[in-house]
Amino acid sequence: MKKTWLMFGAPVAGALIAAGCATYPDAQTTRQNAEKMVNDSFTASPAHAKRLAQDRSQQICSKIAGAQLTQQEAAEVVELARASMKYPASGKLVGNWKIGDKLAHDGAGDRIRRGKLENRKENGGLCQNCHALAPGEINVGNVGPSLTGYGVQRGDSEAIAKLTYERIYNGWAYVPCSNMPRLGATGHLTPEQITHLVAFLIDPASPINSKR
Amino acid sequence: MAITRGGIAAVTFVYLALPAAALAQGQPDDPLAVGRQMLMEDNPGELWIERGKQFFYEKRGPKKASLEQCDFGQGPGKLEGAAARLPRYFADTDKVQDLESRLLTCMVRLQGFKESDIVRRAISPGGSSGSDVEALALYITSRSNGMKVNVTLNHQKEYDSYKAGEYLFFRRSGQTDFACVQCHGEAGKRIRLQDLIHMTDKKGAQEVASTWPAYRGAHYVVRTMQWRLNDCVWQMRLPDLNYGSDYAIALTHYLNYNGNGADIRVPGFKR
């Protein structure tokens, strides 16, 4: 916080002298200005426009320029995440790793171009964009931690399956406001799809856990 | 068009033929830098500058007027260094405008084009010869080549726009929970193999502020900052961002101001 004050405080003082009254607006005014821009700057059907609105957790998790979460805010995000958890009707948290492998490498689904929703049966899991997957796989991102050997390190117990499922469904229950999308809670993936990703991560036969 | 697809494909092939193992490393002495340098030195986007210049001086639109009376902030028709200072406040529209929204204003007011017509064609299909707006944006920015980005905050609306841009950079929404900062807030990050610019760092902001419009290798056309933002928003699963919107102007304002001091060199080259 102190650093922020130093960064912005000095120019504010300078500008006050140089330009009379023009200066940085306060946080409340900025929020109003920016939210009006969000409202005015997109063309969307009412259903698609919902994607622009922030839920409570997203509001809390939009800290500006390195501002820290308070303990209370972190606790609220965790609590909301816990409350959001839904599990597949079957109760089975570990699906088919082969389906999960495909999903993990699928970055498509639900994008909007000229008002039209991408024509897809289901959304991709997006994993490959940000995470290292099977050993030796080159075309993978590094925004998130490597998942190579995920199950080798953790095993495939029921407890690990549940933890893994929940971290995909809504990882903010464990790391509030992390970069990881709340893939189940936001509706990007279905609970069944997530069970396949769980299998891809923890099944000893999955390429992610191969010893190569 | 003087561009032959074969020529570009050959260059792209060299670029892709670098060893795959090197691709994965992304170290400072990245062998990819060699390929990038080659492309920078022989950037097909250069061809768009001349087309943009023709569009600028040609009498076009229902009013059969050129853009010579368009004021980009340095006075009518004065292009030298104008793009380096954008976005900025314009009294005649009472708005903060970036290069592309200002261009729209002039094409509507001076040349009599219908805004919806310009906007519809502004972002051209890949592999096409590009749109008038793309070529014009490149030509006008090229007149600041070799100069330093120098965006200033004076008018209250400039302060407001800059701060709104900052707010939006960190504003998470949608089913991916993404704001800009989720991908552009750390050094050395990639989406798959694509390097992500670290925009909360001065050097990263400078790269953004000084390299658009850019030739986009994968699309065979020159792309503008508005296109870049549109494409990000699309990947974030948000609805269609309007061309020349205040949201785009504010984000550009935030990034360009933070990128002050960079040497402008357009067209940039992007994968």
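Residues numbered from 1 in each chain as written. Chains lettered and ligands numbered in written order. Predicted model: local features only at pLDDT ≥ 70, side-chain atom pairs only at ≥ 80, totals over all residues.

Enquirer: How would you explain the overall build of chain A if you had to name every residue and give the values?
Expert: Secondary structure summary: chain A contains 10 helices and three strands in total. Projected onto the principal axes, the alpha-carbon positions of chain A cover approximately 70 × 40 × 35 Å. Partitioning the intrachain contacts of chain A with sequence separation of at least 6 by distance along the chain shows that 58% fall at a separation of at least 24. (Helix = DSSP H or I, 4+ residues; strand = E, 2+ residues; numbered from the N terminus. Contact = placed C-beta atoms within 7 Å.)

Enquirer: Describe the environment of Leu138 of chain B, with residues and values.
Expert: All names here are of chain B. Inspection of the secondary structure assignment puts Leu138 in helix α7 (residues 132-142). C-beta crowding within 10 Å serves as the criterion here: with 31 such atoms nearby, Leu138 is assigned to the buried category. It is 6.0 Å that separates the C-alpha atoms of Leu138 and Ile49, two residues lying 89 residues apart in sequence. Among all residues touching Leu138, those that are not within four sequence positions of it are Gly45, Trp48, Ile49, Gly52, Pro213, Val222, Val266 and Pro267. (Buried ≥ 20, exposed ≤ 12 C-beta atoms within 10 Å, placed from the backbone.)

Enquirer: Would you mind going over the sheet that holds strand β5 (residues 214-216) of chain B in detail, with residue names and values included?
Expert: Sheets are built from strands paired through backbone hydrogen bonds, the pairs being either parallel or antiparallel. Residues and elements named next belong to chain B. Taken in spatial order, the three strands make up an open sheet running β6-β5-β8, and their pairing is mixed. With one partner strand each, in any of the chains shown, β6 (221-223) and β8 (268-270) form the two edges of the open sheet. Geometrically, the sheet is characterised by an average inter-axis angle of 35° between neighbouring strands, direction not taken into account. Where β5 and β6 come together, three bridges link them in antiparallel fashion. Bridged to Arg216 within β6 is Val221. (Pairing = 2+ DSSP bridges. Axes fitted to C-alpha atoms, helices over the stretch in contact; angles between N-to-C directions.)

Enquirer: Kindly report on the interface of chain B and chain A, identifying the contributing residues and their values.
Expert: On the side of chain A, 50 residues touch chain B, which itself brings 43 residues to the contact. Among the elements of the structure, α2 (20-25), α8 (156-169), α9 (181-184), β3 (190-191), α11 (225-235), β7 (240-241) and α12 (246-258) of chain B are those that each provide at least two residues to the side of chain B that touches chain A. In terms of residue count, the dominant contributor to the side of chain B that touches chain A is α8 of chain B (eight residues). For the side of chain B that touches chain A, the residue count by class is 20 nonpolar, 11 polar and 12 charged. In terms of strand pairing, strand β1 (residues 42-43) of chain A meets β7 of chain B through two bridges, oriented antiparallel. From the neighbouring strand, Phe42 of chain A faces β7 of chain B, where its bridge partner is Leu241 of chain B. (Nonpolar A, V, L, I, M, F, W, Y, C, P; charged D, E, K, R; others polar.)

Enquirer: Could you give an account of the confidence of the model for chain B, naming the residues involved and the relevant values?
Expert: Atom-level detail of predicted coordinates should not be read off regions where pLDDT is low. With 85% of its residues at a pLDDT of 70 or more, chain B has an overall mean of 89. Taken together, the stretch residues 1-28 of chain B has pLDDT below 50 and engages in 27 contacts with residues farther than four places along the chain or on a different chain. (pLDDT = per-residue confidence, 0-100.)

Enquirer: Account for the packing of helix α6 (residues 97-104) of chain A against helix α10 (residues 191-202) of chain A, naming residues and giving values.
Expert: Residues and elements named next belong to chain A. Here α6 crosses α10 at 100°, and the two axes come no closer than 7 Å. In terms of their interaxial angle, α6 and α10 are classed as roughly perpendicular. For the pair α6 and α10, the contacting residues are Trp97, Ile99, Gly100, Asp101, Leu103 and Ala104 in the first and Gln193, His196, Leu197, Ala199 and Phe200 in the second. Of the residues assigned to the contact of α6 with α10, the class counts are seven nonpolar, three polar and one charged. (Parallel < 35°, antiparallel > 145°, perpendicular 65-115°, else oblique.)

Enquirer: So what about the nonpolar core? Which residues, and what values?
Expert: Burial of nonpolar side chains together is a common tendency in soluble globular proteins. Grouped together as the largest cluster of nonpolar side chains are 72 residues, with contacts concentrated most on Ile140, Leu168, Ala250 and Leu251 of chain B. Examining the composition of this core, we find that eight residues originate from one element, α12 of chain B, more than from any other. (Core = buried A, V, L, I, M, F, W, Y, C linked by C-beta atoms within 7 Å.)

Enquirer: Pulling in residues and values, what's your account of the confidence of the model for chain A?
Expert: Of all residues in chain A, 90% attain a pLDDT of 70 or more, and the chain-wide mean is 92. The low-confidence segment residues 13-17 of chain A, where pLDDT is below 50, has four contacts with residues more than four positions distant or belonging to other chains.

Enquirer: Talk me through unusual backbone geometry; I want residue IDs and the actual numbers.
Expert: Cis geometry is adopted by the peptide bond preceding Pro213 of chain B, which originates at Trp212 of chain B and carries an omega value of 0°. Following the sequence through the fold, Pro213 of chain B ends up in the loop between α10 (202-211) and β5. Non-glycine residue Arg114 of chain A carries a positive phi angle of around 50°. Counting through the fold element by element, Arg114 of chain A comes out in the loop between β2 (112-113) and β3 (116-117). Look at Asp177 of chain B: it is not a glycine, yet its phi comes out positive at around 55°. Note on placement: Asp177 of chain B falls in the loop between α8 and α9. The exposure class assigned to Asp177 of chain B is buried, which follows from the 29 C-beta atoms found within 10 Å.

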